[in-house]
Amino acid sequence: MMMMMMMMMMVMSSVQPTMASSSTTSTTYSYGTVLAKSILFYEAQRSGTLPSDQRATWRVDSATDDGSDDGVDLEGGWYDAGDYVKFGFPMAGSITLLAWGMIEFEEGYEKAGQMEYARDSLKWGTDYMMKCHTDTNEFW
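Please read all numbers here as calculations on a predicted model, not as lab measurements.

J.: Can you break down helix 2 (residues 31-44) residue by residue, with the values?
T.: Taking 1.5 Å of rise per residue, 14 residues should cover 20 Å, and helix 2 covers 20 Å from first to last C-alpha, within 8% of that figure. Burial in helix 2 covers these residues: Tyr-31, Val-34, Leu-35, Ala-36, Ser-38, Ile-39, Tyr-42, Glu-43 and Ala-44.

Okay, structure coming up:
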């Protein structure tokens, strides 16, 4: 997730990257498309009961009873790296970088039409982290 966030920040910068190739041509990236796919990545990693407006339509609800063995509701959050495991520290880092990018490059997110999707993704992650803090000195 960290690499994806770094790519997203680069995408929002004013530098026009080109791909080197063996021929004399180069390719210019569409920042809006790259940002949209980056945000869609977060939606594809969602755990729990998915919202009806979920854009990753191949995904279905998963792990809806996380924490039930211990009497806590740990549904939600993001899976790590396309598997079915959730790690708090990398997720917290991703939430931080996503929020930072949204603040630092607000105009780019708005121009790309991705600010609301990014806010939804940010809320998905932070809601889960709040659920994980079940007591004063307890964090799942």
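Alright, that's what it looks like, and here's the rest.
J.: So what's going on with helix 3 (residues 88-104)? Residues and values would help.
T.: Between its terminal C-alpha atoms helix 3 stretches 24 Å, which fits the 24 Å expected from 17 residues at 1.5 Å a residue. Listed as buried for helix 3 are Met-91, Ser-94, Ile-95, Leu-97, Leu-98, Gly-101 and Met-102.

J.: An account of the pattern of salt bridges is requested, with residue identities and associated values reported.
T.: One pass over the structure, following the stated rule, counts six salt bridges. One salt bridge connects Asp-66 with Lys-86, and the closest N-O pair in it is separated by 2.7 Å. One end of the pair, Asp-66, is in the loop between helix 2 and helix 3; the other, Lys-86, is in the loop between helix 2 and helix 3, with 20 residues separating them in the sequence. Residue Asp-66 is classed as partly exposed on the basis of its relative accessible area of 23%. According to the relative accessible area criterion, Lys-86 is buried, its value standing at 18%. Of the charged contacts, one joins Glu-107 and Lys-111 as a salt bridge, the two residues approaching to 3.0 Å between their closest N and O atoms.

The rules behind these values
- Residues numbered from 1 in each chain as written.
- Predicted model: local features only at pLDDT ≥ 70, side-chain atom pairs only at ≥ 80, totals over all residues.
- Heavy atoms only, no water.
- Helix = DSSP H or I, 4+ residues; strand = E, 2+ residues; numbered from the N terminus.
- Expected span 1.5 Å × (residues − 1).
- Buried < 20%, exposed > 50% of the residue type's maximum accessible area, 1.4 Å probe, protein only.
- Salt bridge = Lys/Arg side-chain N within 4 Å of Asp/Glu carboxyl O.

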